Amino acid sequence: MDAVIEYFSNLDTATLLGWAWKLVAALLIFFIGRIVAKLISGFLANLMRKRGIDDMLANFLSVVLYAILLVAVIIAAISQLGIQTTPLIAVLGAAGLAVGLALQNSLGNLAAGVMLVLFRPFTKGDYVEAGGTSGTVTEVGLFQSVLNTPDNRRVIVPNGQITSDNITNYSAYDTRRIDLIIGVGYGDDLKVARSTIEKVLGDHDKVLDEPAPVIWVMELGDSSVNFAVRPWVQAADYWGVRSELLESLKVELEAAGCEIPFPQRDVHLHQVDAD
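Caption draft 1: Main features of the overall build of the protein. A tally of regular secondary structure across the protein gives eight helices and 10 strands. In the protein, buried positions account for 28% of the 275 residues. A separation threshold of at least 6 residues defines the contact pool for the protein, and within that pool the share at least 24 residues apart is 62%. Summing over all exposed atoms, the protein offers an accessible surface of approximately 18,400 Å²; the carbon and sulfur share of this is 60%.

In structure tokens form, the structure reads like this:
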């Protein structure tokens, strides 16, 4: 302590004033810079919320921006004191690299979460197939998303797993097409079968008139002549209408005299006389 006191006592007034001004300037840079950084990060958060970006993402990005700006302000304040900041920047860079390598998977999920929120391939309430599972989206987080399956299971899927694979959003559009394969026997009248199918589709109040249903002979199968039946319905009615159409088609086709075939195989036994 005596050595420090002696050092400063040997300094002239101009040098002391120079140190004092540098210290004041550094403090001003720090306090004013911190206020400006807070204002900028707050402005960014409000702007993202007005643009409809998720609150969680807006808050996270504003905090990250504030931290980056604050580090820059601290480095500028230290530099004002005449201290070399190059070694400090190198240490911060090395520390950031080490943290990034240690949290590689988490940062990958974070980046994927940001992409999901920005590009919105699905939103809360959509029924999707993503990340190897299917269900209704209940939450889109920064690191993981939550799906509820039809049998009421809660599945938590890492965001990186979702963005690395195909995403099928069954709720993206208001309407969906039901794809059915209806087979009739080779001995049945195809005109009767077609008119019966058309009647079933026309009588169902949830089958849409536009786009119009499509019916055509798809293939001559091993045991049946297969019709491709393609009606359109509201997306919310898909599974209910599909089940009702299958039941009605079987009943009405049988009532019209058409056979609903099933795979059959004839086995012939040949008796071989022993010598």
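After that view of the structure, there is still more to cover.
Caption draft 2: Structural context of the environment of Leu 110. By secondary structure assignment, the location of Leu 110 is in helix 5 (residues 104-119). Each C-alpha atom, one on Leu 110 and one on Gly 160, is 7.9 Å from the other, the two residues being 50 residues apart in sequence.

Caption draft 3: Region of the structure containing the pairing of strand 2 (residues 133-140). Judged from the four bridges that link them, strand 1 (residues 127-130) and strand 2 form a sheet pairing that is antiparallel. What sits directly across from Glu 129, in strand 2, is Ser 134. Linking strand 1 back to strand 2 in an antiparallel pair, the connection comprises two residues, with Gly 131 at a positive phi of about 60°. Once strand 2 ends, the chain turns through three residues before running back antiparallel as strand 3 (residues 144-148).

Caption draft 4: Looking closely at the nonpolar core. With 20 residues, the main nonpolar core has Ile 197 and Leu 245 as its most contacted residues. Only strand 7 (180-184), helix 7 (190-203), strand 9 (225-230) and helix 8 (238-255) provide two or more residues apiece to this core. Counting residues per element, this core draws most heavily on helix 8, which supplies five residues. Once residues within four sequence positions are removed from consideration, Leu 245 is found in contact with Ile 178, Leu 180, Val 200, Leu 201, His 204, Val 207 and Pro 231. In this structure, Ala 130, Leu 147, Val 157 and Ile 162 belong to the second largest nonpolar core, which totals nine residues.

Caption draft 5: Just a nonpolar patch on the surface, in detail. Taken together, Trp 21, Val 24, Leu 28, Ile 32, Val 36 and Ile 40 make up a surface patch of nonpolar side chains, about 580 Å² in accessible area. With respect to the helices and strands, the residue Ile 32 is situated in helix 2 (residues 13-50).

Caption draft 6: Inspection of the environment of Pro 121 at higher detail. In this fold, Pro 121 is placed in the loop between helix 5 and strand 1. Among the residues examined, Pro 121 registers a relative accessible area of 31% and is labelled partly exposed. Sequence separation of Pro 121 and Thr 168 is 47 residues, and the distance between their C-alpha atoms is 8.8 Å. Apart from the residues lying within four places of it in its own chain, the contact partners of Pro 121 are Leu 116, Ile 167 and Asn 169.

Caption draft 7: Summary view of the pattern of salt bridges. Under the definition given, this model contains five salt bridges. Taking the shortest distance from any N to any O, the salt bridge between Arg 230 and Asp 179 comes out at 3.5 Å. Of the two residues, Arg 230 sits in strand 9 while Asp 179 sits in the loop between strand 6 (175-177) and strand 7, which places them 51 residues apart along the sequence. Under the relative-accessibility criterion, Asp 179 is labelled partly exposed at 37%.

Thresholds applied
- Residues numbered from 1 in each chain as written.
- Predicted model: local features only at pLDDT ≥ 70, side-chain atom pairs only at ≥ 80, totals over all residues.
- Heavy atoms only, no water.
- Helix = DSSP H or I, 4+ residues; strand = E, 2+ residues; numbered from the N terminus.
- Buried < 20%, exposed > 50% of the residue type's maximum accessible area, 1.4 Å probe, protein only.
- Contact = heavy atoms within 4.5 Å.
- Areas by Shrake-Rupley, 256 points an atom, 1.4 Å probe, with all protein chains shown as cover.
- Pairing = 2+ DSSP bridges.
- Core = buried A, V, L, I, M, F, W, Y, C linked by side-chain atoms within 4.5 Å.
- Patch = residues over 30% accessible without salt bridge, like charges linked within 9 Å, V, L, I, M, F, W, Y side chains within 5 Å.
- Salt bridge = Lys/Arg side-chain N within 4 Å of Asp/Glu carboxyl O.

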